[in-house]
Every structure is written in C-alpha cells, then in structure tokens.
Amino acid sequence: MTAPAAAPIEHPLLETRDLTRILPAVVPVTLVKDVSLRIGHSEFVAITGPSGSGKSSLLYLLGLLDRPTGGEVWISGTETDRLSSGELAHIRLEKIGFVFQFHFLLPEFTALENVMIPMQRLGKLPSREQHEHAEGLLAGLGLEDFLNRRPEQLSGGQRQRVAVARALANSPDLILADEPTGSLDSVATEQVFESLQKIVETQQTTIIAVTHDMDLANRMERRVHLVDGQIDYDRKQ
Amino acid sequence: MILLFRIAATHVRNRMRQTVVSTLGVALGVGFSVAMAGLMEGSQRDFMSTLIEAIPHVEIQDEQRAPALQPASERFDAVAFHGLRPKEDLRGIRNPTEALASLRDWVNGSMTQRLSGQAVLRYSGQDIGLTLTGVVPRDELDVSKIEDDMRQGSLKDLEVTSNGLVLGRKAAQRLGADVGDTVTLTSANGVAKRFKIVGLFHTGITASDEGFAYAPLKAVQILLEKPDIINSISIRLSDIGEANDVASRAERQLGYKAVSWEEANEGLMEAFFVRNVIMYTVVGAILVVAGFGIFNIVSTIVHEKAKDIAILKSLGFPETDIQQIFVLEGLVIGVLGAIAGSVLGFGLSSYLATVKFELTTDVEVTRLPIYFSVLHYAIACLLALFSSAIAGLIPARKAARLNPVDIIRGAT
Ligand SMILES: Nc1ncnc2c1ncn2[C@@H]1O[C@H](COP(=O)(O)OP(=O)(O)OP(=O)(O)O)[C@@H](O)[C@H]1O
Ligand SMILES: [Mg+2]
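Residues numbered from 1 in each chain as written. Chains lettered and ligands numbered in written order. Predicted model: local features only at pLDDT ≥ 70, side-chain atom pairs only at ≥ 80, totals over all residues. Heavy atoms only, no water.

### Section: the site of ligand 1
- Not every one of the 14 residues close to ligand 1 is listed here, only the nearest: A:Ser51, A:Lys55, A:Ser56, A:Ser57 and B:Arg409.
- Flanking ligand 1 are residues from chains A and B.
- In the environment of ligand 1, an oxygen atom lies 3.0 Å from a nitrogen or oxygen atom belonging to the backbone of A:Gly54.
- Between A:Ser56 and ligand 1, the recorded distance is 2.7 Å, taken from a side-chain N or O atom to an oxygen atom.
- Every element with two or more residues in the shell around ligand 1 is listed here: strand 2 (29-39) and helix 1 (55-62) of chain A.
- Per-element accounting of the shell around ligand 1 gives the leading share, three residues, to helix 1 of chain A.
- Of the residues in the shell around ligand 1, the class split is four nonpolar, seven polar and three charged. (Near = heavy atom within 4 Å. Polar contact = N/O pair within 3.5 Å; in protein donor to acceptor, adjacent residues only side chain to side chain. Helix = DSSP H or I, 4+ residues; strand = E, 2+ residues; numbered from the N terminus. Nonpolar A, V, L, I, M, F, W, Y, C, P; charged D, E, K, R; others polar.)

### Thoughts on a nonpolar patch on the surface
All names here are of chain B.
- On the surface, Val-288, Phe-292, Phe-295, Phe-386, Ile-390 and Ile-394 cluster together into a nonpolar patch covering about 600 Å² of accessible area.
- Listed by contribution, the elements that provide at least two residues to the nonpolar patch are helix 12 (266-304) and helix 15 (374-401).
- Its location among the elements puts Phe-292 in helix 12. (Patch = residues over 30% accessible without salt bridge, like charges linked within 9 Å, V, L, I, M, F, W, Y side chains within 5 Å. Areas by Shrake-Rupley, 256 points an atom, 1.4 Å probe, with all protein chains shown as cover. Salt bridge = Lys/Arg side-chain N within 4 Å of Asp/Glu carboxyl O.)

### Brief notes about the packing of helix 13 (residues 306-315) of chain B against helix 14 (residues 319-354) of chain B
Residue and element names in this part refer to chain B.
- Running from N to C, helix 13 and helix 14 cross one another at 145 degrees; their axes reach a closest spacing of 10 Å. Helix-helix and strand crossings are classified by hand; for helix 13 and helix 14 the assignment is right-handed. Within the contact between the two elements, helix 13 uses Ile-309, Leu-312 and Lys-313 and helix 14 uses Glu-319, Ile-322, Ile-325 and Phe-326.
- Taken together, the residues that form the contact of helix 13 with helix 14 break down as five nonpolar, no polar and two charged. (Axes fitted to C-alpha atoms, helices over the stretch in contact; angles between N-to-C directions. Left-handed = near helix turned anticlockwise from the far one by under 90°. Contact = heavy atoms within 4.5 Å.)

Structure (structure tokens):
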C-alpha cells in the first residue's frame, strides 16, 4: 500500500481517488467523474448539487453497492477494487449503514426485527444483547412505543427513524444517507436530522448525507457540492 | 441460517394459495409414485413367489451348452474337426442314480428326476397326443406343486399302482374317461402299454390340463425304451439365492446343462426392469411438472421481492445468502409436498390393498398385491426434494445477481 499524499486527514476512514462511473451504453452516461475525497472519522458531510448531478451515484459507489469504472475506493486503508462481492458485502455489513430517501424496511418484520436483522447476520452479539441493543437504538430515536409495529403501521418519519436505527445496528464507522429527510415534513425532518447529529457527536461515526435542503446542508460541518458528476467545491463551514 | 429461513418463510407465507397449489403438485407426484411403486413391487413379488413356487430353482437338462468335444480335441489343442457327424446316440442323462447321489452330497434342497416324452393316448376310439412325464412320486412331491392341483386321487397313488396315470381333467373330460378307467398309451416308436387312471389334476393352464400326464418313472422308461435314462433333474433349493451357484457347480460336475430359475426367466427379469424404468420415468415427469409449479412461485416471489433483495444486499447480505433464501423457499414447498405426498401415498396404498376383485374364472377372492417399503418413500421424497431444489435454484440465482442499485433507483 502506497502512503497517501500529505493531506489534512492522517488516517482517512474513506478515501476516493479519481473515482469515475460511466454507464456503458450507445451513448455512455457519465454518472461520476474524477471524484477524489478524503473523509475522516466522526465527520458530518453534506453532499449537495442540482438534480442529476450524480449525488446518489456517488453514494452507491462509496457504499460499495456499485462498482466504479475508474479510480479507487479505500475504506479504512483497504483498497476495495480487488475484493470479491462476498467481501464487499461483509464490509457493508460491518462498517457501513445505509439510509435511503424512502424507507427501505422489510415489510413482514416489526421495527425491532428490522433493526435486529443486520445484527443477526453479523452474529457478533448474543441474541439477548441484540434484542437489548435494538431496543436501545429505537428508544434513542424516540420509538420505544413502536417496537412491535410493522412498517405499514408506522408514519413516514417513524419509518425513517427505524431505518436510521437499523443503519446503526452494527455500530458502523460510516452511515450513508440519501436524502434521509426528503420525504418528510419539517417536524419529522428536524427529528431525523437531530438524531443523525447526535450519532455523530456521541459515537465515532461518520455520516455522509445527500440533501437538497440548504438549511440542513448549512448546519453540517462539511459540504461537498457536485455539478455534472464532478466536485464543484468541497469546504468546511 | 435460521435468519435466512425466517425470511424465506415470510415470503412463502405471503403467497399462501400458490404455495398450497405447488405443495399439492409435489404431494400428488410423491403420493402417486409411492402408491405405484408399492403396486409394482407388490405385483412383481407376488408373481415371483408364485413363479418360484411353480418352477424348479435349478433344472439340469439332458443337453450340453456346446457340442461335445471329440476325445482327440480334448487332448490336443491343434486338433479340430469340421463337418463331423457324431454317432447316433440315445439322448438323456445316463446313470441317474449316480448323478442324483453325487448331487445330494452337497446340494441343500430336494430334487427329483424325470423322463418326458411324447405319447398318444387312446380311449374309446379317440386319440390325443400327450407329453408324458415319468416321475418318482415321493421326490416329485418335494419339488413340484402338482399335488396342490389334484382334483381327484393323488400323485402318491402312482407309488402303489405301477401302471398308474395322472391326467389333466380337461383331457379326461374330452375322452370321457374317469378315475379307474384303463387307457392305452403308444410311444413314437410304436410301443404300446396300458395304464390305469388314478388321479386327475386341474392347473388352470389349458396347455397342461389338456396335454400333460404323469406316470411312474419305470413305466415311462419302458414305454419310451429308455431304460435307466432320464432327461431332467429338478432341484428345489432351501435358499433360492444359491440357484446360480448351484447351477454352475452342477453343470461342471455332471457335464449337462444346468439352468437356474433366474437364467430361465431372464426375459421376465428384463421385463420387470423395464417396467420399473418406465414407472420412474413417469414419476420423474410428474415431479418435473411439480418443479415447474415451484419454479413459477419462486420466480414470482423473486420478482415481487426485488426491493427486499436490494435491502438485504445493501445491509450486507452476500449473494450466497440471497440465493439460499430462495432455494430454501423451493425446498420448503418440496418438503411440505414430500410429507403430504408420503401421507397421501400411504393412504392410497392402504386403500388399494383392501380393494377386492372377484375373478369369474376362480372362486378365490384376489387382492391387489401392495408391497410397503420405506425405500419407495425415500426415493420419491428425494426426487421431490431434488426437483424442488433445482426449481428454486434457477430463480434464486437470478435473485442473487440482481443489481441493488437498479432496484433502489427504480424505487426512489
Ligand atoms: N440507468 C441509467 N441510465 C441512464 N442514465 C442514468 C441512469 N442512472 C442514472 N442516470 C443519470 O445519471 C445522472 C446522475 O444520477 P443520480 O441519481 O446520481 O443523480 P442525483 O444527483 O442523485 O439526482 P437527484 O437529486 O435527482 O436524486 C442523472 O442525470 C441520471 O439521469
Ligand atoms: Mg438521488
């Protein structure tokens, strides 16, 4: 492993070098182009940009859900290019949590079960502790009264908070959120945003959140602005 | 694994009606195959035991498998004969007493000697051709079942009446003869001898009821002018499994062709084999159809649950997990179907075993012979599980390869 060039962050949690994703087609579509980022632990980063600028595409690449056509993604000092799909899945399971714009919960399982599923798959905690941990996460997001409700019995904001709790289940180093408040009203938005902020403050977790909401983006400590799949600016605020 | 099974179970539960239908498909396949296998094997065993009762386990015949070697060829390899016409010879096994004694030394079972030949029976101006078999009644009773078919008199009566004759009842009816009547038998060489009817048999097989007769061996040897010659030895073994070994040893020892019941009924064995192949082909076809049902339902679930697959993948479930979930769904249906099918098959066989047929030709009541064997259930269930696993695997592989990004993009 070559040492990264001198940069403000010593041991980045996440680093990309000239990350590029081109969709092969008759007329190839460039989703992300030459994105180089270094993101450390406990950062709260906003990704902004006009619609169609490649924010979601970048997030999928950072979360190892999608594979780049050029450039590299490093996670905790590991280059991910040569990893098998099983190894990538394991990194996602252990180190990365996703929150999407619309809730992505398993409809047949209760809120508690949804939060427990990643823990059960990882199998690090004994099942009693999994249960307690999941309860604690949901309670921390104000959902202690909704543990045994299925997604269809919850409001949009509640579901989104369940999704946040699930993303936190295996105490990941990184949470990737794609417009987590995009489908919520201002009250619910505030609740979800505050819970995210609390996570960054209390746990050693980095959150990268795509948002259209300039107000929220301004409240985050760092902002990466994309235009046409390229970084327009990347600044601390 | 438990987690994957729980996820699979929720998917299957969501499509209850389709699951029930697919399960029924598998159950029918398993049930019918079990019942059919029971019936097939039952009838085969029934037939075989009747056959083994009826025929000798080993029969030594008065012929050789290869033409007799000339003494010169036996001694010198280079000697060969062509176009040789061997000396006319009386056909038959000579010195039967000696041959039987040497066999009795080591064969575990009973045996009887026979001399058969053609003769014409004349009574009250009518002639019929017969196959006349000379027997030693006491030995014959140990080996053949002819005594069971006696309608009048007994084979034992041949012991006390040196010119006694046991005749098929149909032949006797045709001639108008009855027990106690005296008839004349004439051999092909023109020798005539008077016999007294002491018994009548009825086997149900027309050819033997009309064309067979038994007489004491000595009397037949005189009639056919073959003193101290027989043309077959029939052996009934205590253990029929030894038949092939006994036959080949007897053949080596005596130099005459010895045929085991298995060799004699080779064609039949092949027919049974072919029948089993056909049966399992049909069973296989039923299970393939059931497999299509499973394929259909699992494919539907994969399609319906694309979003859940994307969720699981984004959570960090590897492709192998996704594949397992859907293979499990196929297997769940397969296992349920196999259990239901085994119950169905058992019920069906049990019912068939109680069905009675009244055959017009006979007073006896016949039942369908059903053979119950764990093996039938095991084979049918394994086939069902195998086909359901394959049927689940095809859509499962597709599910595992689904690209989560496409699905997430499509859903948001
Ligand atoms: N499968 C595809 N085929 C063709 N073009 C695509 C495909 N997926 C994405 N794109 C295009 O790639 C570009 C980037 O998409 P992306 O979803 O990353 O944008 P975004 O910044 O998240 O937009 P939004 O704010 O509207 O969510 C868009 O112009 C989009 O139309
Ligand atoms: Mg987007």
